[in-house]
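Given next are the chains, with one letter for each unit.
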Amino acid sequence: MSAAEERDGVSLTNLDQPLFDGSGATKRDLVDYLDAVRDKIVPVLRDRPLSVMRVRPGQAPFMQKNLPKYTPEWVPRLPIWAEASKREISYGLCDDRRTLLWFANQRAVEYHPTLYPRDRWDHPTHLVLDLDPPEDNAFPLAVEAAHLVRRALADEGLAGAVKTSGAKGVHVFVPIEDTPADDVAAATRAIAARAERLGPEVATSAFIVEDRGGKVYLDSTRAGGATVAAAYSPRLRPGTPVSFPVTWDELDRVSPADFTLRTAAELLGDRDPWAESMPAPQKLGADLIAEGHTIPVARVQAMHEGKRRARAKRGE
(Lines give C-alpha, C1' and ligand atoms only; values in the text may rest on other atoms or scores of the structure.)
Protein backbone atom coordinates (compact mmCIF):
# COMPACT_ATOMS: atom_id res chain seq x y z
CA MET A 1 0.00 0.00 0.00
CA SER A 2 1.16 3.54 -0.67
CA ALA A 3 1.38 6.19 2.00
CA ALA A 4 -1.66 7.91 0.49
CA GLU A 5 -5.11 6.59 -0.35
CA GLU A 6 -8.76 7.56 -0.36
CA ARG A 7 -11.67 6.24 1.70
CA ASP A 8 -15.25 7.45 1.53
CA GLY A 9 -14.14 10.43 -0.51
CA VAL A 10 -11.49 11.48 2.04
CA SER A 11 -7.89 11.77 0.87
CA LEU A 12 -5.59 10.16 3.44
CA THR A 13 -1.96 11.25 3.41
CA ASN A 14 1.38 10.40 5.02
CA LEU A 15 -0.07 7.21 6.45
CA ASP A 16 3.26 5.59 7.20
CA GLN A 17 4.56 8.42 9.39
CA PRO A 18 4.96 7.67 13.12
CA LEU A 19 1.92 8.97 14.99
CA PHE A 20 3.92 10.58 17.81
CA ASP A 21 7.02 9.75 19.85
CA GLY A 22 6.34 6.71 22.01
CA SER A 23 3.07 5.89 20.27
CA GLY A 24 4.28 2.58 18.88
CA ALA A 25 1.96 3.32 15.95
CA THR A 26 1.71 5.07 12.61
CA LYS A 27 -0.90 7.44 11.28
CA ARG A 28 -2.24 4.47 9.29
CA ASP A 29 -2.79 2.59 12.56
CA LEU A 30 -4.87 5.51 13.84
CA VAL A 31 -6.95 5.68 10.65
CA ASP A 32 -7.44 1.90 10.51
CA TYR A 33 -8.45 1.71 14.18
CA LEU A 34 -10.98 4.54 14.01
CA ASP A 35 -12.41 3.15 10.79
CA ALA A 36 -12.73 -0.30 12.39
CA VAL A 37 -14.65 1.05 15.40
CA ARG A 38 -16.63 3.72 13.54
CA ASP A 39 -19.99 2.07 14.26
CA LYS A 40 -19.17 2.25 17.98
CA ILE A 41 -17.46 5.62 18.37
CA VAL A 42 -19.60 7.72 16.02
CA PRO A 43 -22.78 7.14 18.12
CA VAL A 44 -21.06 8.60 21.21
CA LEU A 45 -19.80 11.59 19.20
CA ARG A 46 -22.86 12.30 17.05
CA ASP A 47 -24.63 15.65 17.53
CA ARG A 48 -22.16 16.77 20.22
CA PRO A 49 -19.74 19.70 19.86
CA LEU A 50 -16.33 18.07 19.58
CA SER A 51 -12.87 19.03 20.80
CA VAL A 52 -9.93 16.94 19.61
CA MET A 53 -6.31 16.54 20.64
CA ARG A 54 -4.10 16.67 17.57
CA VAL A 55 -0.40 16.02 17.14
CA ARG A 56 1.68 17.19 14.19
CA PRO A 57 5.21 15.95 13.43
CA GLY A 58 7.75 17.89 15.45
CA GLN A 59 5.12 19.81 17.43
CA ALA A 60 3.62 19.48 20.87
CA PRO A 61 0.07 18.05 21.00
CA PHE A 62 -2.67 20.68 21.09
CA MET A 63 -6.39 20.84 21.80
CA GLN A 64 -8.49 21.98 18.84
CA LYS A 65 -11.99 23.30 19.42
CA ASN A 66 -12.38 25.73 16.54
CA LEU A 67 -12.41 24.07 13.11
CA PRO A 68 -9.58 25.36 10.88
CA LYS A 69 -10.44 27.53 7.88
CA TYR A 70 -9.48 24.76 5.45
CA THR A 71 -12.13 22.38 6.85
CA PRO A 72 -14.27 20.96 4.01
CA GLU A 73 -17.78 22.39 3.73
CA TRP A 74 -19.30 18.94 4.21
CA VAL A 75 -17.95 18.62 7.78
CA PRO A 76 -20.92 19.38 10.10
CA ARG A 77 -20.30 22.27 12.49
CA LEU A 78 -21.99 24.22 15.25
CA PRO A 79 -21.11 27.85 16.07
CA ILE A 80 -21.09 28.54 19.83
CA TRP A 81 -20.28 31.82 21.56
CA ALA A 82 -17.38 31.40 24.02
CA GLU A 83 -17.87 33.89 26.82
CA ALA A 84 -14.36 33.41 28.22
CA SER A 85 -12.60 34.33 24.97
CA LYS A 86 -15.39 36.61 23.69
CA ARG A 87 -15.57 34.96 20.30
CA GLU A 88 -17.58 32.46 18.33
CA ILE A 89 -16.15 28.95 18.15
CA SER A 90 -17.03 26.72 15.20
CA TYR A 91 -17.15 23.24 16.73
CA GLY A 92 -17.07 20.17 14.54
CA LEU A 93 -19.75 17.49 14.80
CA CYS A 94 -18.48 14.00 14.03
CA ASP A 95 -21.72 12.47 12.79
CA ASP A 96 -20.50 9.96 10.22
CA ARG A 97 -17.64 7.84 8.91
CA ARG A 98 -16.49 10.43 6.40
CA THR A 99 -16.04 13.11 9.08
CA LEU A 100 -14.29 10.67 11.39
CA LEU A 101 -11.82 9.80 8.62
CA TRP A 102 -11.22 13.50 7.98
CA PHE A 103 -10.40 14.06 11.66
CA ALA A 104 -8.13 11.01 11.64
CA ASN A 105 -6.27 12.40 8.62
CA GLN A 106 -5.80 15.63 10.60
CA ARG A 107 -3.99 13.49 13.19
CA ALA A 108 -6.76 13.98 15.72
CA VAL A 109 -5.87 11.29 18.25
CA GLU A 110 -8.21 12.10 21.15
CA TYR A 111 -11.98 12.78 20.86
CA HIS A 112 -13.64 14.83 23.61
CA PRO A 113 -17.37 15.43 23.02
CA THR A 114 -19.53 17.55 25.29
CA LEU A 115 -21.93 15.91 27.73
CA TYR A 116 -24.88 17.63 26.06
CA PRO A 117 -26.30 17.25 22.54
CA ARG A 118 -26.30 20.20 20.17
CA ASP A 119 -29.96 21.04 20.77
CA ARG A 120 -29.92 20.80 24.60
CA TRP A 121 -27.10 23.12 25.63
CA ASP A 122 -28.03 23.22 29.33
CA HIS A 123 -29.10 19.58 29.79
CA PRO A 124 -26.28 16.99 30.03
CA THR A 125 -27.28 13.46 29.11
CA HIS A 126 -24.96 11.87 31.67
CA LEU A 127 -23.68 12.44 35.19
CA VAL A 128 -19.94 11.74 35.02
CA LEU A 129 -17.23 11.17 37.59
CA ASP A 130 -13.60 11.15 36.47
CA LEU A 131 -11.50 9.18 38.95
CA ASP A 132 -7.90 10.34 38.86
CA PRO A 133 -5.31 8.36 40.86
CA PRO A 134 -2.26 10.14 42.26
CA GLU A 135 0.28 8.33 40.07
CA ASP A 136 0.46 6.69 36.66
CA ASN A 137 0.89 3.23 38.17
CA ALA A 138 -1.94 3.59 40.69
CA PHE A 139 -4.79 2.27 38.52
CA PRO A 140 -5.84 -0.28 41.22
CA LEU A 141 -6.54 2.70 43.51
CA ALA A 142 -8.80 4.21 40.85
CA VAL A 143 -10.63 0.87 40.67
CA GLU A 144 -11.17 0.95 44.44
CA ALA A 145 -12.56 4.46 44.15
CA ALA A 146 -14.82 3.40 41.28
CA HIS A 147 -16.40 0.75 43.48
CA LEU A 148 -17.01 3.41 46.15
CA VAL A 149 -18.79 5.52 43.52
CA ARG A 150 -20.81 2.49 42.46
CA ARG A 151 -21.92 1.95 46.08
CA ALA A 152 -22.84 5.61 46.45
CA LEU A 153 -24.88 5.42 43.26
CA ALA A 154 -26.59 2.18 44.30
CA ASP A 155 -27.54 3.71 47.67
CA GLU A 156 -29.38 6.36 45.66
CA GLY A 157 -30.98 3.79 43.34
CA LEU A 158 -28.73 4.75 40.43
CA ALA A 159 -26.53 2.66 38.15
CA GLY A 160 -23.69 3.59 35.82
CA ALA A 161 -21.34 2.22 33.21
CA VAL A 162 -17.57 2.21 33.64
CA LYS A 163 -14.58 2.49 31.32
CA THR A 164 -10.88 3.02 31.54
CA SER A 165 -10.07 6.65 30.84
CA GLY A 166 -7.26 5.53 28.55
CA ALA A 167 -4.92 7.59 30.72
CA LYS A 168 -4.36 6.52 34.34
CA GLY A 169 -7.89 6.49 35.74
CA VAL A 170 -11.51 5.47 35.38
CA HIS A 171 -14.68 7.16 34.09
CA VAL A 172 -18.13 6.41 35.51
CA PHE A 173 -21.08 7.49 33.34
CA VAL A 174 -24.66 7.59 34.64
CA PRO A 175 -27.31 8.28 31.95
CA ILE A 176 -29.92 10.65 33.33
CA GLU A 177 -33.36 11.96 32.48
CA ASP A 178 -33.76 15.56 31.34
CA THR A 179 -32.21 17.69 34.12
CA PRO A 180 -30.77 21.23 34.11
CA ALA A 181 -26.97 21.39 34.16
CA ASP A 182 -26.79 23.13 37.56
CA ASP A 183 -28.74 20.31 39.16
CA VAL A 184 -26.64 17.66 37.41
CA ALA A 185 -23.49 19.37 38.67
CA ALA A 186 -24.93 19.45 42.20
CA ALA A 187 -25.87 15.76 42.09
CA THR A 188 -22.36 14.92 40.86
CA ARG A 189 -20.83 16.76 43.83
CA ALA A 190 -23.15 14.91 46.19
CA ILE A 191 -22.22 11.48 44.78
CA ALA A 192 -18.52 12.35 45.05
CA ALA A 193 -18.96 13.46 48.68
CA ARG A 194 -20.86 10.28 49.54
CA ALA A 195 -18.22 8.09 47.88
CA GLU A 196 -15.52 9.93 49.81
CA ARG A 197 -17.35 9.26 53.08
CA LEU A 198 -17.55 5.56 52.19
CA GLY A 199 -13.78 5.33 51.73
CA PRO A 200 -11.95 8.39 53.06
CA GLU A 201 -8.67 6.46 53.11
CA VAL A 202 -8.92 5.88 49.33
CA ALA A 203 -10.75 8.81 47.78
CA THR A 204 -10.94 12.57 48.08
CA SER A 205 -12.91 15.38 46.49
CA ALA A 206 -10.15 17.94 47.22
CA PHE A 207 -9.63 20.06 44.11
CA ILE A 208 -6.19 21.36 45.19
CA VAL A 209 -3.59 18.70 44.36
CA GLU A 210 -1.49 19.16 47.50
CA ASP A 211 -4.60 18.58 49.62
CA ARG A 212 -5.27 15.11 48.18
CA GLY A 213 -2.79 13.22 50.33
CA GLY A 214 -1.99 10.56 47.75
CA LYS A 215 -5.65 9.60 47.33
CA VAL A 216 -7.77 9.19 44.21
CA TYR A 217 -9.35 12.47 43.16
CA LEU A 218 -13.11 12.19 42.58
CA ASP A 219 -13.46 14.86 39.91
CA SER A 220 -17.05 16.08 40.06
CA THR A 221 -16.53 19.05 37.73
CA ARG A 222 -17.50 17.24 34.50
CA ALA A 223 -20.81 19.01 34.00
CA GLY A 224 -22.09 21.94 31.99
CA GLY A 225 -19.61 22.78 29.24
CA ALA A 226 -16.99 20.22 30.26
CA THR A 227 -15.85 17.43 27.97
CA VAL A 228 -14.67 13.88 28.63
CA ALA A 229 -12.64 11.55 26.44
CA ALA A 230 -15.14 9.41 24.56
CA ALA A 231 -15.46 5.67 24.86
CA TYR A 232 -13.17 4.09 22.26
CA SER A 233 -11.08 7.26 21.92
CA PRO A 234 -7.31 6.76 21.67
CA ARG A 235 -5.19 8.79 24.07
CA LEU A 236 -1.93 10.67 23.53
CA ARG A 237 0.10 8.53 25.89
CA PRO A 238 2.92 6.01 25.42
CA GLY A 239 1.65 2.98 23.55
CA THR A 240 -1.51 4.88 22.49
CA PRO A 241 -4.01 3.32 24.91
CA VAL A 242 -7.74 3.51 24.23
CA SER A 243 -10.56 4.48 26.60
CA PHE A 244 -12.21 1.09 26.84
CA PRO A 245 -15.56 0.00 28.33
CA VAL A 246 -15.48 -2.88 30.81
CA THR A 247 -18.02 -4.50 33.09
CA TRP A 248 -17.86 -3.79 36.80
CA ASP A 249 -16.63 -7.35 37.37
CA GLU A 250 -13.91 -6.99 34.75
CA LEU A 251 -12.67 -3.72 36.22
CA ASP A 252 -10.66 -5.51 38.91
CA ARG A 253 -8.81 -7.63 36.34
CA VAL A 254 -7.77 -5.10 33.69
CA SER A 255 -5.08 -2.48 33.14
CA PRO A 256 -5.26 0.58 30.87
CA ALA A 257 -2.37 -0.89 28.87
CA ASP A 258 -4.54 -3.87 27.89
CA PHE A 259 -6.41 -1.72 25.39
CA THR A 260 -4.40 0.06 22.72
CA LEU A 261 -4.67 1.32 19.17
CA ARG A 262 -3.29 -2.04 18.02
CA THR A 263 -5.38 -4.36 20.22
CA ALA A 264 -8.72 -2.71 20.96
CA ALA A 265 -10.55 -3.33 17.67
CA GLU A 266 -9.79 -7.05 17.74
CA LEU A 267 -10.81 -7.29 21.40
CA LEU A 268 -14.13 -5.66 20.56
CA GLY A 269 -14.98 -7.77 17.54
CA ASP A 270 -18.64 -7.15 16.68
CA ARG A 271 -19.55 -6.13 20.24
CA ASP A 272 -20.27 -2.62 21.48
CA PRO A 273 -19.77 -3.01 25.25
CA TRP A 274 -20.36 0.70 25.94
CA ALA A 275 -23.85 0.56 24.43
CA GLU A 276 -24.48 -2.84 26.02
CA SER A 277 -23.50 -1.75 29.53
CA MET A 278 -25.23 1.64 29.55
CA PRO A 279 -28.38 1.64 31.71
CA ALA A 280 -31.52 3.48 30.68
CA PRO A 281 -31.72 7.17 31.66
CA GLN A 282 -32.50 7.61 35.36
CA LYS A 283 -34.10 10.34 37.43
CA LEU A 284 -31.90 12.22 39.87
CA GLY A 285 -33.51 12.44 43.30
CA ALA A 286 -34.50 15.80 44.73
CA ASP A 287 -32.65 15.08 47.99
CA LEU A 288 -29.44 14.25 46.12
CA ILE A 289 -29.65 17.47 44.13
CA ALA A 290 -30.44 19.51 47.25
CA GLU A 291 -27.48 18.00 49.08
CA GLY A 292 -25.21 18.84 46.18
CA HIS A 293 -26.31 22.47 46.17
CA THR A 294 -24.97 22.78 49.73
CA ILE A 295 -21.50 21.66 48.55
CA PRO A 296 -19.31 24.47 47.16
CA VAL A 297 -18.27 24.26 43.51
CA ALA A 298 -14.76 22.80 43.62
CA ARG A 299 -13.03 25.31 41.34
CA VAL A 300 -14.63 28.30 43.06
CA GLN A 301 -13.78 26.94 46.51
CA ALA A 302 -10.20 26.26 45.39
CA MET A 303 -9.86 29.80 44.02
CA HIS A 304 -10.96 31.34 47.32
CA GLU A 305 -8.75 28.96 49.30
CA GLY A 306 -5.77 29.80 47.09
CA LYS A 307 -6.28 33.50 47.76
CA ARG A 308 -6.63 32.83 51.50
CA ARG A 309 -3.38 30.87 51.56
CA ALA A 310 -1.58 33.55 49.59
CA ARG A 311 -2.72 36.19 52.10
CA ALA A 312 -1.60 33.98 55.00
CA LYS A 313 1.80 33.48 53.37
CA ARG A 314 2.21 37.24 53.05
CA GLY A 315 1.30 37.55 56.74
CA GLU A 316 -1.80 39.63 56.10
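- Going by the annotation in an unreviewed UniProt entry, the name recorded for the protein chain is DNA ligase D-like protein (Predicted polymerase), with Umezawaea tangerina given as the source organism.

### Concerning the packing of helix H5 (residues 181–198) against helix H8 (residues 286–293)
To describe two helices that pack against each other, one gives the angle between their axes and the distance between the axes.
Thinking step 1. Two elements in contact, H5 and H8, have axes whose closest approach is 7 Å; the angle formed by their N-to-C orientations is 85°. The angle between H5 and H8 falls in the class roughly perpendicular. Residues Asp182, Asp183, Ala186, Ala187, Arg189, Ala190, Ile191, Arg194 and Arg197 of H5 pack against Leu288, Ile289, Glu291, Gly292 and His293 of H8.
Thinking step 2. Residues of the contact of H5 with H8, tallied by class, amount to 6 nonpolar, 2 polar and 6 charged.

### Looking at H8
Thinking step 1. Of the positions making up H8, those classed as buried are Leu288, Ile289 and Gly292. Considered in projection along H8, the buried side chains sweep an arc of 95° and stay on one side of the axis. The outward face of H8, more than 90 degrees from its buried face, is lined by the exposed residues Ala286 and Asp287.
Thinking step 2. Buried residues belonging to H8 abut H5.

### Quick look at the domain arrangement of the protein chain
Thinking step 1. What the domain assignment reports for the protein chain is domain 1 (1–113) and domain 2 (122–315).
Thinking step 2. Just the C-alpha atoms count here: the centres of domain 1 and domain 2 sit 25 Å apart.
Thinking step 3. Ranking the residues of domain 1 by area buried against domain 2 places Tyr33, Lys40 and Glu110 at the top, with a combined share of 32%.
Thinking step 4. Notably, a salt bridge pairs Arg235 with Glu110, separated by 3.2 Å at the nearest N-O pair.
Thinking step 5. Viewed at the interface, domain 2 and domain 1 are joined by 12 residue pairs in polar contact (both at pLDDT 80 or more).
Thinking step 6. Elements that contribute at least two residues to the side of domain 1 that touches domain 2 include exactly helix H1 (27–36), helix H2 (38–45), strand S3 (50–54) and strand S7 (108–113).

### Things to note about the side chain of Gln106
Thinking step 1. Looking at the secondary structure, you find Gln106 in the loop between helix H3 (97–105) and S7.
Thinking step 2. On the accessibility criterion, Gln106 (13% relative accessible area) is buried.
Thinking step 3. Not counting the four nearest positions on each side in its chain, Gln106 is found in contact with Arg54 and Tyr70.

### Here we look at the packing of aromatic side chains
Thinking step 1. Per the stated rule, a full pass over the model turns up 6 aromatic pairs.
Thinking step 2. On the basis of an interplanar angle of 85° and a centroid distance of 6.3 Å, the ring pair of Phe103 and Tyr111 is categorised as edge-to-face.
Thinking step 3. A relative accessible area of 2% means that Phe103 is categorised as buried.
Thinking step 4. A ring pair is formed by Phe173 and Trp274, whose centres lie 5.3 Å apart and whose planes are at 80°; its orientation type is edge-to-face. Within this pair, whereas Phe173 is found in strand S10 (residues 170–175), its partner Trp274 is found in helix H7 (residues 273–277), the two being separated by 101 residues in sequence.
Thinking step 5. Exposure remark for Phe173: the relative accessible area of 9% places this residue in the buried category.
Thinking step 6. Residue class for Trp274 comes out buried when judged on its relative accessible area of 6%.
Thinking step 7. An aromatic cluster of at least three residues, connected via ring pairs, comprises Trp102, Phe103 and Tyr111.
Thinking step 8. Between the NZ or CZ atom of Arg212 and the centre of the ring of Tyr217, over which it lies, the distance is 3.8 Å.

### Describing the sheet that holds strand S11 (residues 203–204)
Thinking step 1. Strand order in the open sheet formed by 6 strands is S11-S12-S8-S10-S9-S13, and the pairing between neighbours is mixed. The outermost strands of the open sheet, each flanked by one partner alone, are S11 and strand S13 (245–246).
Thinking step 2. Pairing of strand S9 (residues 161–164) with S10, which is carried by 4 bridges, proceeds in the antiparallel orientation. Pairing of Ala161 across the sheet is with Phe173, part of S10.

### Focus: the pattern of salt bridges
Thinking step 1. Applying the stated criterion across every chain, the model contains 17 salt bridges.
Thinking step 2. Between Asp130 and Arg222 there is a salt bridge, with the nearest N and O atoms lying 3.1 Å from each other. With Asp130 in strand S8 (residues 126–132) and Arg222 in the loop between strand S12 (216–219) and S13, this residue pair connects regions lying 92 residues apart in the sequence.
Thinking step 3. Judged by its relative accessible area of 12%, Asp130 is buried.
Thinking step 4. For Glu276, the salt bridge goes to Arg271, with nearest N and O atoms at 3.1 Å.
Thinking step 5. Arg271 sits in the partly exposed class, given a relative accessible area of 44%.

What counts as what
Residues numbered from 1 in each chain as written. Predicted model: local features only at pLDDT ≥ 70, side-chain atom pairs only at ≥ 80, totals over all residues. Heavy atoms only, no water. Axes fitted to C-alpha atoms, helices over the stretch in contact; angles between N-to-C directions. Helix = DSSP H or I, 4+ residues; strand = E, 2+ residues; numbered from the N terminus. Parallel < 35°, antiparallel > 145°, perpendicular 65-115°, else oblique. Contact = heavy atoms within 4.5 Å. Nonpolar A, V, L, I, M, F, W, Y, C, P; charged D, E, K, R; others polar. Buried < 20%, exposed > 50% of the residue type's maximum accessible area, 1.4 Å probe, protein only. Arc of directions from axis to C-beta. Domains from an automatic or database assignment. Buried area = accessible area lost by both parts, 1.4 Å probe. Salt bridge = Lys/Arg side-chain N within 4 Å of Asp/Glu carboxyl O. Polar contact = N/O pair within 3.5 Å; in protein donor to acceptor, adjacent residues only side chain to side chain. Phe/Tyr/Trp six-rings, centres within 6.5 Å; stacked < 30°, edge-to-face > 60°. Lys NZ or Arg CZ within 6 Å of the ring centre and 35° of its normal. Pairing = 2+ DSSP bridges.

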